[in-house]
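Observations on chain architecture
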Amino acid sequence: MGFTEKQEALVNSSWELFKQNPGNSVLFYTIILKKAPTAKGMFSFLKDSAGVVDSPKLQAHAEKVFGMVRDSAVQLRASGEIVLGDATLGAIHIQKGVLDPHFVVVKEALLETIKEISGDKWSEELSAAWEVAYEGLAVAIKKAMS
Ligand code: HEM
Ligand code: ISQ
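In the nomenclature of an unreviewed UniProt entry, the protein chain corresponds to Leghemoglobin K from the organism Vicia faba. Checking UniProt for the protein chain, the heading Sequence similarities (unreviewed entry) contains the comment "Belongs to the plant globin family." A UniProt comment under Subunit (unreviewed entry) is attached to the protein chain, and it reads "Monomer."

Topic: the site of ligand 2
Around ligand 2 sit Phe28, Tyr29, Ile32, Phe43, His61, Val65 and His93, and those are all the residues in its vicinity. Starting from 270 Å² of accessible surface for ligand 2 in isolation, the protein chains cover 84%. Where the shell around ligand 2 is concerned, the elements lending two or more residues are helix H2 (23–35) and helix H3 (56–79). It is H2 that contributes the most residues to the shell around ligand 2, 3 residues altogether. Looking at the shell around ligand 2 residue by residue, the class counts come to 5 nonpolar, 2 polar and no charged.

Re the coordination of the iron atom of ligand 1
A lone protein donor binds the iron atom of ligand 1: His93 (NE2), at 1.9 Å. Coordination geometry of the iron atom of ligand 1: the 6 donor atoms subtend angles of 88 to 180° at the metal centre, consistent with an arrangement described as octahedral. Here His93 is to be found in helix H4 (residues 89–95).

Observations concerning the UniProt feature "domain: Globin" (unreviewed entry) in the protein chain
Sites flagged by UniProt as "domain: Globin" (unreviewed entry) map to residues 2–146. This span, residues 2–146, is 70% helix and 0% strand, and a straight line between its end C-alpha atoms measures 27 Å.

A look at the site of ligand 1
Around ligand 1 sit 18 residues in total, of which Met42, Ser44, His61, Lys64 and His93 are the nearest. Side-chain polar atom of His61 to an oxygen atom of ligand 1: 3.0 Å apart, as the coordinates give it. Here a nitrogen atom of ligand 1 and a side-chain polar atom of His93 are 2.7 Å apart. Every element with two or more residues in the shell around ligand 1 is listed here: H3, H4, helix H5 (100–118) and helix H6 (124–145). For the shell around ligand 1, the element with the highest residue contribution is H3, accounting for 4 residues. Considered class by class, the residues forming the shell around ligand 1 number 12 nonpolar, 4 polar and 2 charged.

Observations regarding the environment of Glu135
On the secondary structure map, Glu135 appears in helix H6. Overall, Glu135 belongs to the partly exposed group, its relative accessible area being 31%. Considered as a pair, Glu135 and Phe103 are 32 residues apart in the sequence and their alpha carbons are 8.9 Å apart.

Parameters and conventions
- Residues numbered from 1 in each chain as written.
- Chains lettered and ligands numbered in written order.
- Predicted model: local features only at pLDDT ≥ 70, side-chain atom pairs only at ≥ 80, totals over all residues.
- Heavy atoms only, no water.
- UniProt positions renumbered as here; feature names shortened; annotations may be inferred.
- Near = heavy atom within 4 Å.
- Areas by Shrake-Rupley, 256 points an atom, 1.4 Å probe, with all protein chains shown as cover.
- Helix = DSSP H or I, 4+ residues; strand = E, 2+ residues; numbered from the N terminus.
- Nonpolar A, V, L, I, M, F, W, Y, C, P; charged D, E, K, R; others polar.
- Donors = N, O, S within 2.8 Å, 3.2 Å for Na, K, Ca; no water.
- Tetrahedral: all angles 85-135°; square planar, octahedral: opposite > 155°, others 65-115°.
- Polar contact = N/O pair within 3.5 Å; in protein donor to acceptor, adjacent residues only side chain to side chain.
- Buried < 20%, exposed > 50% of the residue type's maximum accessible area, 1.4 Å probe, protein only.

In C-alpha cells, the structure reads:
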C-alpha cells in the first residue's frame, strides 16, 4: 500500500509540534550526539562549543531536516516517490564525511525526538509514518552521494 492521507496527516501534526518549541531542536541534537559523539565535530555550529549549545543556526538546521522529512511525506502521498529539491545535498554530506551508519543514528534520534514531544499523541502508526518518509529521503540522499 502507498503512503496514505492518514500517514501524511500524522507526520504533519508532529512537524507542527516540533516547530513550536526551540528546545525540541536541542533535544534532537542531544540524542544524535549521545549515539554518535564524534558527529559533533562535523557540524560547524557545534564543533567549537561544549555540548549542544542552542543557536539560530542549530535551530535552522534541525528544522530543515525535520521539515524535509515532512516534505517527503507530502511527496510520497502525492506521487509515491521522493525527488530531492537540492542537488548539492549529496556533495555536502560526502564532504562532511557522512557514512551510512550515520543515517541510522539520525533516524533513531528523529523517532525518539518525536516520541518525546508527542506525549500521549504518540503511536506506533505515527512512528512508522515518519520512518517510511525518512527512509525514502535517506535513500534519495545516499543515491546523490554515490
Ligand atoms: C548538511 C539535510 C542526514 C550531517 C545538510 C544540509 C541539509 C541536510 C539540507 C545543508 C545545510 C543545512 O543544514 O541547511 C539532511 C537530511 C538528512 C541528512 C534531510 C537525512 C535524511 C545527515 C546525516 C549526517 C548529516 C546522517 C551525519 C550525522 C550533516 C552535516 C552538514 C549537513 C555535518 C553540514 C552542516 C554544517 O553546515 O556544518 N544536511 N541531512 N546529515 N548534514 Fe545532513
Ligand atoms: C543532518 N543534516 C543536517 C543538519 C542536521 C541537523 C540535525 C540532525 C541531523 C542533521
